[in-house]
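Summary of structural features
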Amino acid sequence: MKNVFLFLFLLLSRCLVAQPLSVNETDYALTIRRATEPVKLDGQLDEADWQLADSVGNFRQFFPYDTANAESRTVVRVLFDGNFLYVGAVCYQPRRYVVTSLKRDFLRGQSDLFEVNLDPFRDKLNGVNFAVSPYGVQREGLITNGQEFTTDWDNKWYVRVTNDDDRYTVEMAIPFKTLRYKLQDGQNVWLINFIRSDITRNEISAWAPIPRNFNGQALAFSGRLVWAEPPPRPGSNVSLIPYTLVETGHDFQSDIPTRQGVNVGFDAKVAVTPSLNLDLTVNPDFAQVEVDQQVTNLSRFELFFPERRQFFLENSDLFGSFGTSVTNPFFSRRIGLARNPRTGFNEQVPILAGVRLSGRLDRNWRIGVLNTQTGRRSLSDTLTLLPVNYGMLAVQRRISTRSFVSAMLVNKDPVGTVPAGADQSYNRVAGLEYSLASANNQWRGKAFYHRSFSPDRLAQPYAMGALLFVDKPAVNGRIGVYDIGDNFRADVGYAPRTSLMKFHGETFRVIFPKGRLSRHINRFYLGPNWDFIYGKRQNRLIDWDAGLFGGITLQNQSQLTFAFLRWDYTYLFSPFDPSNTGGATLPANTSYLYFSHRLSFVSNVRKPFFFSFNGRYGQYFNGRITQLHTILSYRQQPYGIFSLDFTYNGIRLPAPYSQSDLLLIGPKVDLSFTRSVFLTAYAQYNNQINNVNTNIRFQWRYKPVSDLFVVYTDNYFAYEALDSKNRLMQAWQPKNRALVVKLTYWLNL
């Protein structure tokens, strides 16, 4: 296995040699000059400075093709003054827009938009994105690892849009305080790109050309923003975000009396330097965060849900991108949760305070330091979950154009005396990683070694691996190998399985058709996919799957994917009920080889009604399975989307094992009455865990990044009972219920 790691590491390094740039930055340069007069943000671009500013146009398509000029014309200009970077754009398009809603941070790929990518440090790895729809709806996000994108980041910036019959005009004002950058000696140059999406015309284009096998946030393909004079120092930047919360709730399961209370706390953001940010939180409450969408779990392991809490989001890649999905040493959603040793389930515990320093020291160095403290929670007279201190240190050093080495240390330490036999001991994980990305973004990968430290000091407390991606126009794929020791322990991470070696990958041949076929089909792809897991304790293969995968992307953005000839092999090292419903279990030390087919489809999202479905049919352990997951959506433009999420798993195993029909139904309404008033309401019925959940969230953004939330949530058991006439009926027994009103205010000091 060590030879395999060595080979893949050398291959990672080799991929960086002689990789030419796909975009010559000198061919795409835009000079930004200081405005001589005040700029009025009205979406008109009628000031004299706008007329004298340098402009760029000549956008190139990267969907559906990357060999033609854009049909939708776009002209962009930039200016700055002592406080703002201004971007003005004239987007030529008849007034027939496609938009998701009026809600901020709208979905990708479903709205007409104009967007800007900014990379002030020119590392082509980390940047920010600002986008706006023709209705003036804003979206801001962070770009990490060269092209990964998240809209979870919130900050203040301003935009005005005016609409004419043949165009819409965008005028952005981005405060320098919002950006993270460092003044340079000599010529100041940032990287920038402008993206235009015209959904009606089914065209996505960019100023600095992007190959069609990448998305619009691929920072490897950027032009230069050349400052005629250095950008201003942003000055002090301190933001205080206090909140007040009033809540009432009742836990019927625990028979706890109705609780009522008032809570206060705050977050603070302090720019230590223009590129280094300090985040503070005291007594945070995350009641306004949307609850997780439930899924049917047929696996033997816990599910992974993404982080949604604001305190943990900015520069989250510094903390959360170590390892891979197989083993991740730091997963911030562990903070604020503790396992109940009696039930085996996680219990929520209060977070008392947290501090986080993250950002850049210079162009080559990034640093992240995090520390949070949770409070004590009593579960009974004899059982108490101890307060726990969580900490992490992450350091990243760039070593070539788009590659870097990283080191990290994660710490979990209970505060107080740990009761005998309690699973609340300290746990630490240290690690080193090497991450790469070629200049043209066609090769990406990483190699890592992590080691855990706990009081028991058991053997093989390590996890190591290497992963390589290739993304060329005609071929793409990935390959990864991992070795996770018998006693690797990551309490603050996500490592569902240990004591294994894993080898997985896939490779696809991509064909872009020509001629008449290209009028309807954008691309085909087909190739093998495999995943082999060797259990070191069992000294044998314990899981593998392999099959032939492929797909078709149509020019209208519909997508069909399939997996034929799919074989799955599972060795059970402990008893397991394949339906996860508490039925009879298949015995330990038995193995199963089963065969199935899978199919999925995503329809044309430009239409008011669109849908997706995933289907599976075939063998399942010693029986059969029929699986269907579909989402039906209707867009009432521009006010929102009505959707229905439906999942069915029909499991048929021979007696005495389960014969299960698992249903998960989730109707949802996501409405935006204006650009500042929103309502999200949905219900989820899951008969696998016998739960009915309702969540209604009202949001009024009365000032930029300042909100009033009213959130109602409840959970019920569903069961069948006899009415007064002995007729079978569906009955509901409440589990818990809560109503929360939360007011936040973003105050710049």
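Our subject is the structure that appears above.
Before going into details, it helps to say that this report is about the structure given with it. (Residues numbered from 1 in each chain as written. Predicted model: local features only at pLDDT ≥ 70, side-chain atom pairs only at ≥ 80, totals over all residues. Heavy atoms only, no water.)

Some points on the overall build of the protein chain
This is how the line gets drawn: Only DSSP runs of H or I with at least four residues qualify as helices, and only runs of E with at least two residues qualify as strands; both kinds are numbered from the N terminus onward. Remark: exposure states derive from per-residue accessible area (1.4 Å probe, protein chains only) relative to the maximum for the residue type, with buried under 20%, exposed over 50%, and partly exposed in between. Residue-level accessible areas treat just the shown protein chains as cover; the underlying method is Shrake-Rupley with a 1.4 Å probe.
When its secondary structure is counted, the protein chain shows 3 helices and 43 strands. Considering the protein chain as a whole, with its 749 residues, one finds that 52% of them fall into the buried category. Of the roughly 32900 Å² of accessible surface on the protein chain, 56% is carried by carbon and sulfur atoms.

Some points on the side chain of N691
Our working definition: Between N or O atoms, a polar contact is any pair within 3.5 Å; within protein, one atom must be a potential hydrogen donor and the other a potential acceptor, and residues adjacent in sequence are included only when both atoms are from side chains.
Looking at the element boundaries, N691 is found in strand 40 (residues 691–703). Only 3.1 Å separates the side chain of N691 from the side chain of N715, close enough to count as a polar contact.

Structural notes on the nonpolar core
We count it as follows: Nonpolar cores were defined as sets of buried Ala, Val, Leu, Ile, Met, Phe, Trp, Tyr and Cys residues, with membership established by side-chain atoms within 4.5 Å. Contact between two residues is taken to exist if any of their heavy atoms lie within 4.5 Å; hydrogens are not considered.
Ranked by size, the top nonpolar core spans 39 residues in total, and within it F114, L118, M172, F194 and L225 carry the most contacts. Residues within four places of L118 in sequence aside, it is in contact with G127, V128, F130, I174, L179, W190, L191, I192 and L225. Among the nonpolar cores identified, the runner-up in size contains 30 residues, and I335, Y390, A394 and A490 belong to it.

Focus: unusual backbone geometry
The omega torsion across F63 and P64 is 5°, close enough to zero to call that bond cis. Residue position: P64 is located in the loop between strand 3 (60–63) and strand 4 (74–80). Backbone torsion omega between A655 and P656 reads 10°, so that peptide bond is classified as cis. Considering the arrangement of structural elements, one finds P656 in the loop between strand 37 (640–652) and strand 38 (659–672). Of note, N580 is a non-glycine position whose phi angle comes to about 55°, a positive value. Counting through the fold element by element, N580 comes out in the loop between strand 33 (559–572) and strand 34 (590–602).

Some thoughts on the pairing of strand 10 (residues 158–163)
Which entries qualify depends on this criterion: Only strands joined by at least two bridges in the DSSP assignment are considered to pair.
Note: strand 10 against strand 11 (residues 167–175), 6 bridges, orientation antiparallel. In the sheet register, N163 faces strand 11, and the bridge partner there is Y168. As consecutive antiparallel partners, strand 10 and strand 11 are separated by 3 residues.

Thoughts on the environment of L240
Structurally, L240 can be placed in strand 15 (residues 238–251). A sequence separation of 28 residues divides L240 from A268, and the C-alpha atoms of the two residues are 4.4 Å apart. L240 has contacts with F266, D267, A268, Y745, W746, L747 and L749, leaving out every residue within four places of it along the chain.

Section: the environment of N145
Tracing the sequence through the fold places N145 in the loop between strand 8 (138–144) and strand 9 (148–150). Each C-alpha atom, one on N145 and one on L436, is 9.3 Å from the other, the two residues being 291 residues apart in sequence. Residues within four places of N145 in sequence aside, it is in contact with L125, N126, S321 and F404. Side-chain polar atoms of N145 contact the side chain of E148, separated by 3.2 Å.

Comments concerning the pattern of salt bridges
So the rule is basically this: Criterion for a salt bridge: a side-chain nitrogen of Lys or Arg within 4 Å of a carboxyl oxygen of Asp or Glu.
Within this structure, the stated rule accounts for 25 salt bridges. In this structure, the salt-bridge partner of R360 is D123, at a minimum N-O distance of 2.1 Å. Of this pair, R360 sits in strand 20 (residues 351–360) while D123 sits in the loop between strand 6 (113–119) and strand 7 (127–132), and the two are 237 residues apart along the sequence. Assessed through its relative accessible area of 2%, D123 is described here as buried. For R566, the salt bridge goes to D545, with nearest N and O atoms at 3.7 Å. Residue R566 is located in strand 33, and its partner D545 is located in strand 32 (residues 540–554); the two are separated by 21 residues in the primary sequence.

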